[in-house]
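Each chain, written out:
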Number of protein chains: 2
Amino acid sequence: METLNEKHAKVFKALCDEKRLHILELLRNGDNCACELLENIDIGQSSLSYHMKILVESGIVESRQEGKWTHYKISEQGSSNAIHLLRELTSTNCTGKKEN
Amino acid sequence: METLNEKHAKVFKALCDEKRLHILELLRNGDNCACELLENIDIGQSSLSYHMKILVESGIVESRQEGKWTHYKISEQGSSNAIHLLRELTSTNCTGKKEN
DNA sequence: ATATCATATTGACAAAATTTGATTTGATGT
DNA sequence: ACATCAAATCAAATTTTGTCAATATGATAT
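Residues numbered from 1 in each chain as written. Chains lettered and ligands numbered in written order. Predicted model: local features only at pLDDT ≥ 70, side-chain atom pairs only at ≥ 80, totals over all residues. Heavy atoms only, no water.

The name recorded for chain A in an unreviewed UniProt entry is Arsenical resistance operon repressor, from Anaerotignum neopropionicum.

Structure representation (structure tokens):
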């Protein structure tokens, strides 16, 4: 079974790798198919596929099949969730017993 | 030399590990010294020290020495920076040429 | 059915992250 | 100076990630 922290860690795992941040950068300009991404980044095809899977599983990127192509884009919903999660994880709990 | 993406990745590296999320959880209730954290989490002393270093280097946690104790707390500044960074990294670029 | 193209999956390997136990450092107390 | 405690650092062992090449899958076209 997956703990809540493990689930949360997955969201940020998407963002803790240089290559994946590069991919996000490419996606920021809009919808891209994998083949386009592949042209703009220095990794092999299977490696790209591996990273895209991590990005999609984090929820930050969504994919859409179109014929034999897979298109990717940044998910507004997913990004928004990630931002809220980060805010929650780092918010100091003002009702806690231990303020000094 | 460190690329910008590598620098950004470091911020999220702090958050992509289950144990570090647990530590953040403990810190949310207020300022804690390492020895207190150690009592509340199932890892060894050197391992905790390793994770604290990563958290501090990300900017999300700050440390303060007091005698022989090190106290840690979540940094408002650092958290805020991380949130802004995340927002930036996932914002879709509306002036881009490729909207469909 | 066969061929082709885009992408996903697999297994082997290399590289990076994490854990562990031992040792070191630095502050404090006697 | 010596002992003690908290935390950091180091080296070795282990685990997890990421890369590459090969292969599989699934859609499309002939």
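Looking at the overall build of chain A
Short version of the rule: Strands here are runs of E lasting at least two residues and helices are runs of H or I lasting at least four, both read from the DSSP assignment and numbered beginning at the N terminus. A radius of gyration in this sense is built from C-alpha atoms; the matching globule rule multiplies 2.2 Å by the number of residues raised to 0.38. Buried residues are those whose accessible area, probed at 1.4 Å on protein chains only, stays under 20% of the maximum for their type, while exposed residues exceed 50% and partly exposed ones sit between those limits. Residue burial considers only the protein chains on display, and all accessible areas are found by Shrake-Rupley using a 1.4 Å probe. Charged residues are defined narrowly, with Lys and Arg counted positive, Asp and Glu counted negative, and His plus the chain ends left uncounted. To locate a charge, take NZ of a lysine, CZ of an arginine, CG of an aspartate or CD of a glutamate.
Each helix and strand in chain A was counted, giving 5 helices and 3 strands. Secondary structure elements in chain A, listed N-terminal to C-terminal, are α-α-β-α-α-β-β-α. A compact globule built from 100 residues would reach a C-alpha radius of gyration of about 13 Å, whereas chain A, at 16 Å, exceeds it by more than 25%. The buried share of chain A, taken over its 100 residues, is 42%. Counting every atom, chain A has about 5,800 Å² of accessible surface; 48% of that belongs to carbon and sulfur. Placing the 13 positive and 15 negative side-chain charges of chain A at their respective mean positions leaves the two points 6 Å apart.

A few points about helix H4 (residues 45-58) of chain B
Residue and element names in this part refer to chain B. Quick note on the threshold: A helix's residues, less one, multiplied by 1.5 Å, set its expected span. Taking the helix axis as origin, the arc is that swept by the directions to the C-beta atoms. Throughout, a residue-residue contact means that at least one pair of heavy atoms, one from each residue, lies within 4.5 Å.
Between its first and last C-alpha atoms H4 spans 20 Å; for 14 residues at 1.5 Å apiece the expected length is 20 Å, and the two agree. Regarding H4, the residues found buried are Leu 48, His 51, Met 52, Ile 54, Leu 55 and Ser 58. In a view along the axis of H4, the buried residues occupy a sector of 160 degrees, so they form one face of it. Looking at H4, the residues exposed on the side facing more than 90 degrees away from the buried face are Gln 45, Ser 46, Tyr 50, Lys 53 and Glu 57. In this fold, the buried residues of H4 make contact with helix H1 (4-13), helix H2 (18-28), helix H3 (34-40), strand E2 (61-66) and strand E3 (69-74). Taken from the residues just after H4, Gly 59 is the one with a positive phi, measuring 90 degrees.

As for the relation of the copies chain A and chain B
Going by this rule: In this comparison the copies share one frame, found by least squares on the C-alpha atoms of residues holding pLDDT of at least 70 in both.
When chain A is fitted to chain B, the best match, at an RMSD of 0.1 Å, comes from turning it 179 degrees and sliding it 0.0 Å along the axis. Those values place the two copies in the arrangement expected of a two-fold rotation axis. A share of 100% of the interface residues of chain A reappears at the interface of chain B, consistent with the copies meeting face to face through the same patch.

Focus: the pattern of salt bridges
Residue and element names in this part refer to chain B. Spelled out, the test is: Any carboxyl oxygen of Asp or Glu within 4 Å of a side-chain nitrogen of Lys or Arg constitutes a salt bridge here.
Applying the stated criterion across every chain, the model contains 4 salt bridges over all chains. With its nearest N and O atoms 2.6 Å apart, the salt bridge here joins Arg 64 to Glu 66. Exposure remark for Arg 64: the relative accessible area of 34% places this residue in the partly exposed category.

Regarding the sheet that holds strand E2 (residues 61-66) of chain A
Residues and elements named next belong to chain A. To keep things clear, this is the line we draw: In short, DSSP must find at least two bridges between two strands for them to pair. For helices, the axis comes from a line fit to the C-alpha atoms of the stretch in contact; other axes are also lines fit to C-alpha atoms, and the angle between any two N-to-C directions lies between 0 and 180 degrees.
Spatial strand order, E1-E3-E2: 3 strands in an open sheet with antiparallel pairing. Every other strand in the sheet has two partners, leaving strand E1 (32-33) and E2 as the edge strands with one partner each. In the sheet, E1 pairs with strand E3 (residues 69-74) via 2 bridges, with the strands oriented antiparallel. Across the sheet, the residue bridging to Asn 32 is Tyr 72, located in E3. Running at roughly 115 degrees to E2, helix H4 (residues 45-58) makes contact with E2 and E3 of the sheet.

Brief notes about the protein's contact with DNA strand D
Rules: The nearness test applies per residue and asks whether one of its heavy atoms lies within 4 Å of the molecule or strand. Here a polar contact is taken to be a pair of N or O atoms separated by no more than 3.5 Å, where protein atoms must pair a possible hydrogen donor with a possible acceptor and residues adjacent in sequence count only if both atoms sit in side chains. Charged residues are taken to be Asp, Glu, Lys and Arg, nonpolar residues to be Ala, Val, Leu, Ile, Met, Phe, Trp, Tyr, Cys and Pro, and polar residues to be all remaining types, Gly included.
The full set close to DNA strand D counts 22 residues, and Lys19(A), Ser47(A), Tyr50(A), His51(A) and Gln45(B) are the nearest of them. The separation between a phosphate oxygen of DNA strand D and a polar side-chain atom of Tyr50(A) is 2.6 Å. Within the backbone of Cys35(B), one N or O atom sits 2.9 Å away from a phosphate oxygen of DNA strand D. Broken down by secondary-structure element, the contributors of at least two residues to the surface near DNA strand D are helix H2 (18-28) and H4 of chain A together with H3, H4 and E3 of chain B. Of the residues assigned to the surface near DNA strand D, the class counts are 7 nonpolar, 9 polar and 6 charged.

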